[in-house]
There are 2 protein chains.
Amino acid sequence: MTSEPWVGQPLPRPDGPAKATGRAHYIHDLTRPGMLYGKIKFSEHAHARIIRIDTSKAEALPGVRAVITGFNTPEIRFGFLRDNFALKADKVRQFRDEIAAVAAIDPDIAAEAISLIEVEYEPLPAVFDTDAAMAEGAILIHDKDARGRPVANNRMPLEYHHRSGDLEAGHRDAKWVHEATYSTPLIQQSCLGTAGCIAEFDPSGNVTLWAKTQIPFLAQKDFNRALKDMGLKGRNSRVIVPALGGAFGSGLDTHAYEYISILLAYTAGRPVKILYDREEEFACLSPRQSATTHVRQGIDSNGRLTFREVHVLQDNGAYGSWGATFPSVMLLPATSLYRVPNVRFDADLIYTNNTYCQAMRGYGNPEVTWAIESSIDELAEISGLDRLELRRINCNVPNEVSPMGLNITSCGLRECIDRAALNVGWTDKKAPNIKRGVGIASLIHVGGSGRIYRSDASGLTLKLDDFGNIYVASGGVEMGQGLHAALTASVCDSVGVRPEQVHIVQTDTSTCPWDVGTHASRGAFVACNAAIEAAAKLREQIFAHTRELFPEDTADGELELRDGVVFVVDGTWKMDLARLARAIHFRAGGTMLNSAAFYDPPTDLPDWNKGIGNMSATYAFGAQSAEVEVDTDTGDIKIIRMASIYDVGRVLNPVTLAGQCYGGLAQGVGYTLYEEIRTDKGRMLNPSFTDYKIPTIHEMDFPVVLAFVGTKDDFGPHGAKGVGEPGLVPTAPAIANAVYDAIGVRIRDLPITPEKVIAALREAGRD
Amino acid sequence: MTSEPWVGQPLPRPDGPAKATGRAHYIHDLTRPGMLYGKIKFSEHAHARIIRIDTSKAEALPGVRAVITGFNTPEIRFGFLRDNFALKADKVRQFRDEIAAVAAIDPDIAAEAISLIEVEYEPLPAVFDTDAAMAEGAILIHDKDARGRPVANNRMPLEYHHRSGDLEAGHRDAKWVHEATYSTPLIQQSCLGTAGCIAEFDPSGNVTLWAKTQIPFLAQKDFNRALKDMGLKGRNSRVIVPALGGAFGSGLDTHAYEYISILLAYTAGRPVKILYDREEEFACLSPRQSATTHVRQGIDSNGRLTFREVHVLQDNGAYGSWGATFPSVMLLPATSLYRVPNVRFDADLIYTNNTYCQAMRGYGNPEVTWAIESSIDELAEISGLDRLELRRINCNVPNEVSPMGLNITSCGLRECIDRAALNVGWTDKKAPNIKRGVGIASLIHVGGSGRIYRSDASGLTLKLDDFGNIYVASGGVEMGQGLHAALTASVCDSVGVRPEQVHIVQTDTSTCPWDVGTHASRGAFVACNAAIEAAAKLREQIFAHTRELFPEDTADGELELRDGVVFVVDGTWKMDLARLARAIHFRAGGTMLNSAAFYDPPTDLPDWNKGIGNMSATYAFGAQSAEVEVDTDTGDIKIIRMASIYDVGRVLNPVTLAGQCYGGLAQGVGYTLYEEIRTDKGRMLNPSFTDYKIPTIHEMDFPVVLAFVGTKDDFGPHGAKGVGEPGLVPTAPAIANAVYDAIGVRIRDLPITPEKVIAALREAGRD
């Protein structure tokens, strides 16, 4: 008998059957007694003063129960920088700015009422690219930040810098230097479940939100602040999380529609549901930022990196979200992907009149890894060094401290690189047919949570009932990634029960313990660590009661609990946990057992001005490689095969892990080749899956070798590291490097479309 | 500053505003995505074999999703004696027996489908009174009990007996002996919210019940057993309790309709709701048992009780419920109301083909107090002793142990009697106008829980959040009695916060700790005791962290927490609890605080064959008095005024306490004068509030003096005793005694209707 019979097994997801059979309840499925349907009126200008809003026709429509604007409701500021408003009263700063909203007895009436609202604007000059926004004399989108400080040149009040080592020395020591600029587009998180919420007040002024969120407890904080803004100081919000149809970072912030639901529910005195349709999901929710990354790095005659300079220019659109803090994670690859002694990193975060942006899986890492890993290949070419060898020379190693101060404990990167290369038929020689090529790229990512808040903790409680069931209340959010499967296996092995005995209760701020949120690939890492701690406490109680109740049977033996049976290890005595729980309960002075843990990983909140701090308890590594075929007539890129080799520590569940990795890879392929939100002066041009291309089974119809190198992390629960995001981090440079290998032209702005390939071939004279 | 600023204050009920404004969600208000509506086909015979059930027409009706009978579903046995079946396959034993059920897409289709089900019966001889049922040769309603033992003479397999002292000596010492038989009718709990539930399966075979129950955790046990019967062994049920529109004992059992919902939901693969209409609530749910109580007791020349013999004959109808255990509480007044040295108690519990019965507020106590307190007046009359003086002579006193072994700690009964008498203008002389009279009666009841199960415990957890809110998860059920108000005040004072900081989470077996159920006037007693214990643990943590975080500020001082502020008692330092919670949380090694308690009162589970055992941690006492006017032409009884004086220990909340007492009194008045379910051969004749009379504001339009004598119980939380049931216990004898005082005739069978008064006056020759 192994001591961990469930961890590592392909345990079916506990949330899987309900989702597969249509019985899971997404926000789309939920109603509340007396519920109204809310709808929002969005701005039709990218930048304009609001002169007048006439809601009289909407108010007169039968079935309408509330019509609100920024003029008849309290001002609610929100957002990471508190620069956004639930309803805009003075001016709009982007298409989709929320101007007014209605609640009605059905969705059609709500939509009709919205169409009856008349808004008069005074258009203002607008800026749609970062250069124009930063130019002297450019119109200011925000005059002042939330603290009343002026916003110069549309620069957001956020600073991210890093200096380490001796850059001058790094320059001196470099024999070859490469410098280039790489860009990534606006893309959508493309959740199959669109955004929505229900807000319901109790008569005391406390509000409950059924919210599509990754951060129920930070959302509670935001909503409590909104209640205060509404004159309900001291009143409380409760956040309940239904089944999520994907989030990918879009649930990391609270949203205007949530505050509008709150305002509508308060005004109407009834629960209000707002549900975005697909077009609203595209056009009125925040996509991933576009970014321009300038990288300059050099190697010495031995191929060792001597310095690296990275500068990121990020277009955040009209407002700041948690996504504006992407540079906090961009610092990881910039400073710590490969061993580089002298590093500079700076980020400029710019307001424009484009749609404001938010987080997405990978959180800045893909953008910068795209630049660095493309540049590594270019360095190899100009130096004449082998691309793989250059990576091997500079490979991260275990037990190093990176320039950022990342304490890299376990690291299987070198093995990842070698195996990734092997699995796409890597050869030092270029393929004889120039149209085929191979490429590779590596990744480093947080693998042991990522501290971006004052607490990086996750609470968890366990409750044992009379039937041997264990109720697990965790603050973490299952958003499709397999958290509940990982947690179930961890609880099974940590406590010693079978999967069917584990019941994970719904995420709810009133009944679950605090957790900072599900992001940074941290869900399983922190929840399982908390489970292990809580389980140890529960087992201690179980064994103590067992010895007290059955002193003679258990006097000399070591006690163990496995698969729901408590037993003496020598086999002389055993009892079903359910029966034991009842024996502990049903007696004079009886009790029932529960335990709690609050796991805060041993990490530092970095100083972002210095870009130094060990933000994660451990780090995930990996490499992806691709073999591609390029049609030089059409510019089409066909992926022949790929390999994804990761060091994510111990594998908790091979099936859900594969799901995470394949899903990430598909998103990475989309980012690399297809996905891009097109805008015209701030207006989105392709708000639908018809015009916005994500990979389908046809695009993903190539073999993928997925493998894991066998590190076991000391900090990781059962040895595991976090794995939510890495799957898409190195995909773009791996493919771009393969394209270069195939056809000798390099595309530095994503996505790598056929048009760009053809244009590059023409420019290089190879068409 | 008092150390308990909230306990004892007229704190508004936290559940009040939602209920008053229509925002509370009763089972009537709830829906689930994809939910179907269930409806039951009830028996049209009191006793018959089922020959054939034809469901083909129902199955063919469009919109019908499931049709089930006892023939196409697994047998589910349930009930306290496991003598009942979710659906009856062999025979029906009462009108209302469940024969078949359907689930359909709307309630009308379900009703139509039910009307299309054809049932062929073979009628059997039936018995409708206990004498006929016990007669030799009577048809047996159950051949065997659940353990396969024969059921002789339709006697239920339940024994309740008591013998104490020396009855022979008691008889010898008696100078005056009185003996008579008193009866009480079938009455309805008359919940304004009718019965209902929703059952929903997950794909793994676990079921969630939204159930109108007082015993969520015992219900979970019952439902888990049903799942096992259905072949789903090891699967789990979850019970969530919505707002309850009254329960009064009707939620103490699980019901056939709940199992039928489970079967329908399992069969249809969709959630199923069953909701009783008012006629079903009357005719198809179980009322309070009728009982016939024979009492014989004697007093010596000094008026001291020398013995008492009580025999109860209880018609339980066709099946056994928890209500069949009424004698467990009948033992209290029989053995322990007034000091009586030599006692005999026996109960016969009989099956008949009447509707089967269940628990109701007071749980057997009103039935027996009715007999004893009427008999006391009759004893006074035959002995020539003053009625009040006789009671004073025999009054219970503190620190006595009664013949049942009840350890009576605090007891303010004598003061209750005196003040009750005083407040209805008591006089030793009969009122000059013979039509007016006064009466009094006393009560003893469990006041510190009442152990009727292997555990009498109540679990509770407290969770402190970053905003200073305390989340209280209790296993107890708020069913209108004010539990949440009591618990809020207790948490406020035990922790040291303000009421708006206290949030009581919804009762749910998956998130709340175990509790045996809300009955026996135990809710506030056990929950507040658990709260006090959990609060002490929480405060200990808060103060320890405070001293660690602010060593210099708190070094020398005693720490206190009141109204959400932690402070040094000498006034040198203070901090808001919310801010402190964040300071404890947001730091290296930070944590969030929670605590748990599992309070099991120090009581004994009596041996029911001996009727001995201290079943409650303390006992409530009280006396009610009435002045009545009787119209000897019409027999109408008009209550002029009443007084209710109770010893319930410390008053937790005067407003909710008054609500409990007035509500109980109104039910007592209904029991005494109006309420009676009329049946004809087992068929209910008056299943509506039109034909079943409960008191309204018109009947209750008389002054009531309500007062409390100031004991403070050592075991009680904050000194309080339980008070849920006493309000209706002595009402009937107090009024009957007043009627006798007024007109000289005694009615011994409830209700005391005008017809009975006129008949008695005629018989006595006083008409």
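Coordinates for the structure precede this section.
Thresholds applied
- Residues numbered from 1 in each chain as written.
- Chains lettered and ligands numbered in written order.
- Predicted model: local features only at pLDDT ≥ 70, side-chain atom pairs only at ≥ 80, totals over all residues.
- Heavy atoms only, no water.
- Pairing = 2+ DSSP bridges.
- Helix = DSSP H or I, 4+ residues; strand = E, 2+ residues; numbered from the N terminus.
- Axes fitted to C-alpha atoms, helices over the stretch in contact; angles between N-to-C directions.
- Contact = heavy atoms within 4.5 Å.
- Buried area = accessible area lost by both parts, 1.4 Å probe.
- Polar contact = N/O pair within 3.5 Å; in protein donor to acceptor, adjacent residues only side chain to side chain.
- Nonpolar A, V, L, I, M, F, W, Y, C, P; charged D, E, K, R; others polar.
- Buried < 20%, exposed > 50% of the residue type's maximum accessible area, 1.4 Å probe, protein only.

**Q** Whenever I open this one, the sheet that holds strand E16 (residues 305-317) of chain B confuses me. Can you help?
**A** Either a parallel or an antiparallel arrangement is found when strands of a sheet pair, and the pairing is made through backbone hydrogen bonds. All names here are of chain B. If you walk across this open sheet you meet the 5 strands as E9-E17-E16-E15-E10, and the pairing is mixed. Edge strands, defined here as strands with exactly one partner in the open sheet, are strand E9 (160-164) and strand E10 (176-184). Averaged over neighbouring strand pairs, the angle between their axes works out to 10° when direction is ignored. Pairing of E9 with strand E17 (residues 343-351) involves 5 bridges; the strand directions are antiparallel. Paired with Ser164 across the bridge in E17 is Val343. Sheet contacts for helix H9 (residues 327-336): E9, strand E15 (290-299), E16 and E17; angle to E17, the most-contacted strand, approximately 150°.

**Q** How do you make sense of the interface of chain A and chain B when you look at a structure like this?
**A** Between chain A and chain B, the contact holds 49 residues from the first and 50 residues from the second. Both faces considered, chain A and chain B share a buried interface measuring about 4000 Å² in area, 57% of it formed by carbon and sulfur atoms. It is A:Arg23, A:Pro203 and A:Phe586 in chain A that bury the most area against chain B; as a group they hold 14% of the surface buried on that side. Scanning the region where chain A abuts chain B turns up 22 residue pairs in polar contact (both at pLDDT 80 or more). When residues of the side of chain A that touches chain B are traced back to their parent elements, those giving at least two are helix H1 (16-20), strand E11 (196-201), helix H6 (216-229) and strand E27 (594-599) of chain A. In terms of residue count, H6(A) provides more of the side of chain A that touches chain B than any other element does, 4 residues in total. Partitioning the side of chain A that touches chain B into residue classes produces 17 nonpolar, 18 polar and 14 charged.

**Q** Just to check I follow, could you spell out the environment of B:Asn423 for this structure?
**A** Residues and elements named next belong to chain B. Its location among the elements puts Asn423 in the loop between helix H12 (413-422) and strand E20 (436-446). The exposure class assigned to Asn423 is partly exposed, which follows from its relative accessible area of 23%. In this structure, Asn423 is in contact with Arg641, Ala643, Ile645 and Val705, ignoring residues within four places of it in sequence. Polar contacts involving the side chain of Asn423 include one to the main-chain carbonyl oxygen of Arg419, which spans 2.7 Å.

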